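Below, each chain spelled out in residue letters.
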Amino acid sequence: MGTWAVPGGSTVQHVITTSPAGLSLTVDGGGCTSPCTFNWTPGTSHTIATTLKQLPYYFSYWNDSGALSHAITAQSSPTTYTANFFNDPLEALKKCLDPLISTSATCTLAAGTHTVNSTIEVKRSNVTITGEDRSTTALVRGASHTSELMLVNVAPPAQSITIQNLTFCGNSALSTPASPCPSPPPPSAPTTCGAWQRDIHEARRRGDPDPDGTYICTDLYVANADTRQRPMDPFAYIGPYSVTISNCAFEGSTGHAIALYPTAPQEVNDVYITGTAINSSEVTGLLVGVNGENYSDSRACDSNPNFKDDTSVHAPRNIRVEGSNTFANNLTGAMGINAARWFALRNNTFTNNYIMPQAGNEAGGSVFFDQCTDKIQIYRNTLTGPTYLATDGLELWGRNIDVGADDPAQRNTVSNYQSEGIAANSVFNATITNNTTSNNGAAYPTGGILVWTREPGGPCDPVFRDTQNVTVTGNTSTGQTYGVYLGEREASTNIVNTITIGTSGPVFRDAYVTLTGAASGVPAPEPPQAEQLAPRALPVNPIQDLAAPIRPLPSKCSETGNRREVVSFPATDVHVENGAGNIFWIQGMFSVAGDDNTGSGGPDSGAQGCHFIFYPPEDTSTCTPSSGCGVLYLDKDGGGFDWTPESPSVVGPGGHDLANSYCRIRAASTDSRVTFEGKVLKLNLDIEFLSSTKRHMYTATGNRQGLTNASDGSSYWPWRYSGWWKWTQ
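Residues numbered from 1 in each chain as written. Predicted model: local features only at pLDDT ≥ 70, side-chain atom pairs only at ≥ 80, totals over all residues. Heavy atoms only, no water.

A. Fine view of the overall build of the protein chain. The helix and strand inventory of the protein chain stands at 4 helices and 52 strands. Classification of the 729 residues of the protein chain by burial places 57% in the buried group. Within the protein chain, residue pairs in contact and separated by at least 24 positions form 73% of the contacts whose partners lie at least 6 positions apart. In the structure as shown, the protein chain presents an accessible area of about 27100 Å², 50% of it carried by carbon and sulfur atoms. (Helix = DSSP H or I, 4+ residues; strand = E, 2+ residues; numbered from the N terminus. Buried < 20%, exposed > 50% of the residue type's maximum accessible area, 1.4 Å probe, protein only. Contact = heavy atoms within 4.5 Å. Areas by Shrake-Rupley, 256 points an atom, 1.4 Å probe, with all protein chains shown as cover.)

B. Quick peek at the sheet that holds strand β1 (residues 12–19). Judged by pairing direction, the sheet is mixed, and its 5 strands sit side by side in the order β4-β1-β9-β7-β6 without closing on themselves. Every other strand in the sheet has two partners, leaving β4 (36–40) and β6 (53–54) as the edge strands with one partner each. Relative to strand β9 (residues 79–86), strand β7 (residues 57–62) runs antiparallel, the two sharing 4 bridges. Looking at β9, one finds that Phe59 is bridged to Phe85. (Pairing = 2+ DSSP bridges.)

C. Spotlight on the pairing of strand β33 (residues 428–433). Bridge count between strand β30 (residues 399–403) and β33: 4 bridges; the pairing is parallel. Counted as the bridge partner of Asp402 is Thr431 from β33. Where β33 and strand β36 (residues 467–473) come together, 5 bridges link them in parallel fashion. Each residue of the ladder has a partner; that of Thr433, found in β36, is Thr473.

D. Fine view of the environment of Asn381. Tracing the chain through its elements places Asn381 in the loop between β27 (364–379) and β28 (382–384). For Asn381, a relative accessible area of 1% translates into the label buried. As a C-alpha pair, Asn381 and Gly404 span 23 residues in sequence and 9.1 Å in three-dimensional space. If we ignore the near neighbours within four places in the chain, the residues touching Asn381 are Leu345, Arg346, Asn347, Asn348, Phe350, Arg411, Asn412 and Thr413. A distance of 3.0 Å separates a polar atom in the side chain of Asn381 from the backbone nitrogen of Asn348. (Polar contact = N/O pair within 3.5 Å; in protein donor to acceptor, adjacent residues only side chain to side chain.)

E. Inspection of the sheet that holds strand β3 (residues 30–33) at higher detail. Strand order in the open sheet formed by 4 strands is β3-β2-β5-β8, and the pairing between neighbours is antiparallel. Across the chains shown, the open sheet's two edge strands, defined by having one partner strand only, are β3 and β8 (69–73). Strand-to-strand twist of the sheet, defined as the mean angle between neighbouring strand axes without regard to direction, takes the value 30°. Sheet topology note: the strand β5 (residues 45–49)/β8 ladder contains 5 bridges and is antiparallel. When the sheet's bridge partners are listed, Ser45 is paired in β8 with Thr73. (Axes fitted to C-alpha atoms, helices over the stretch in contact; angles between N-to-C directions.)

F. Representation of helix α1 (residues 89–97). Within α1 the residues assigned to the buried category are Pro89, Leu90, Ala92, Leu93, Cys96 and Leu97. Looking down the long axis of α1, one finds its buried residues gathered within 160° of arc, a one-sided arrangement. (Arc of directions from axis to C-beta.)

G. How the structure looks around the side chain of Thr218. With respect to the element layout, Thr218 can be found in strand β18 (residues 218–224). On the accessibility criterion, Thr218 (10% relative accessible area) is buried. Residues in contact with Thr218, not counting those within four places in the same chain, are Arg141, Ser147, Glu148, Leu149, His256, Ala257, Ile258 and Ala259.

H. Just the confidence of the model for the protein chain, in detail. When the pLDDT values of the protein chain are averaged, the result is 78; 67% of them are 70 or greater. For the stretch residues 573–583, pLDDT sits under 50, and the model shows 30 contacts to residues farther than four places along the chain or on other chains. Scored below 50 in pLDDT, residues 636–640 makes 6 contacts in the model with residues more than four places away or belonging to other chains. (pLDDT = per-residue confidence, 0-100.)

In structure tokens form, the structure reads like this:
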């Protein structure tokens, strides 16, 4: 059968138009005003095009889903091609993304600063969402918009969704945003949208109580996107990815900038983030995890030998953050990876992240991997720390972790963290090789690399696990007390099973570290270095009046808890006579009248006492560590109030604890100690509550520094403190 042709070379009418009509078009290189009519021979090729902006209109999509300029083939019957425009740029983008009306491969947002008052939803695969240019195209959170700026929710198999050349402006007031975000930012969303964390920051700066509020917003939320490829070796995988985030900027999120956080049984797998900047988020820059599966107990994943590849597990898998991404000034960390498998973190720069603790979590890492992260590769990253005292660089709790590699070109550089540079906490199978750590540990001189087991085993997790199979070799340590530090803040719980150390810089091992299995390069134990351990103390801030209102814990912490807390009381001696300090004593009362229904105050609907009195030396001018001053344990029962000495200590040797029917002050804990710095006294107490049957909040409402007025001899109380303790049934 031959090729059919129109008899006599007849032509067919084709209409090239716009909606609304009257806009400009280009057809085969020539301009016209729509509608434009042409008679073409079937089978011939032609090019039709329009422009992105014809104000007040913005291009959305062609009815044949072609690109802004694309080739067509003349048909054998009359045909109309329509370029659809809308007079609002966000509406034009949303119409292009609507799978019911468009299958366009590219949806472009015109340059400009666009206020988002309703979420931009991505519901289909094989689409590129692009700004005209990252430096000129911005999505700005509306003042009352408390949902996502953009939501990806595509049923599997989902692939080739690309988000590029866009700036997301969350309107945080934490810092001056980069262009094209408005400066100053517009009014922020209500406290239901993450401003809670910013308000805490401001309240603490002023010395005010923490405000109420719990909800956190996200600017880009990937809730459902899975290629179903299930690659055997994701680190060698080159696509297709379900979602690619490329050349974007996230400035001043009012919560998390990006969340890869499905709700089981939905999944988010195969995600690639590259060439993107994430700055000044009020909470975390990148959050990864899963709702609907409980990984708060590390054994939930440890008991599954195939956790990293198990198809019945919904934790995100194959997440690649690689290629000149930058993270700076994110309030509670650049990244929080709560549960993920096959996570590649390569060739990124982190600067000044985790600059204050999230409520209920007093210390943290710029980059944090929780205990149910499995198969992690961390190569060629540069991490530079903030001045916040309780921040480390890489905080690792997971399994099968490679930090650096045999090839020195893969090394990470970690510097200027007040706490340790790299922390291997309760890890399974970790290799820390060929990294450069420098000038870390200024506040808590654990130095370059810390290896320890902690209880609890992670944020809000009362279950610890032993550290197993750790290799620390070939690392370079400069400008810090220790190259590697093996230590523990919880006496007699740190077991390290199989460890190899071979790195520059001194190696320290405290007396509480127990080694099992093979060990190489580990020195003999030394006495615990109390002042060299990060206290991880609950922030208990001085205020001038009543204690702060009791505030519920974040939801993750409220389900489980730990009946121990370390509390720090810094007390400035405001009375100076003849140049000498004159702090007579400090006392405290923990727990106030409570309510079993709300979990506030003391346990079991009543106040319970954990009252203490501490009498420091009268003359602090002769206080030195060699005289026993400055590192004293609370191993005396002179405070009264029905204290019973417990000897030997339930913690370990070195003193006896003080207990009453409600609580125990753990005297032999390295966290119960006193330090003097000039005329500043700092008292740390490791306190364990004994008798509650309910979950409760506790508050320190009467901690007083007894000072004598030089003129009349009277005593006065210049400050109080407040804080909380978590408890489980």
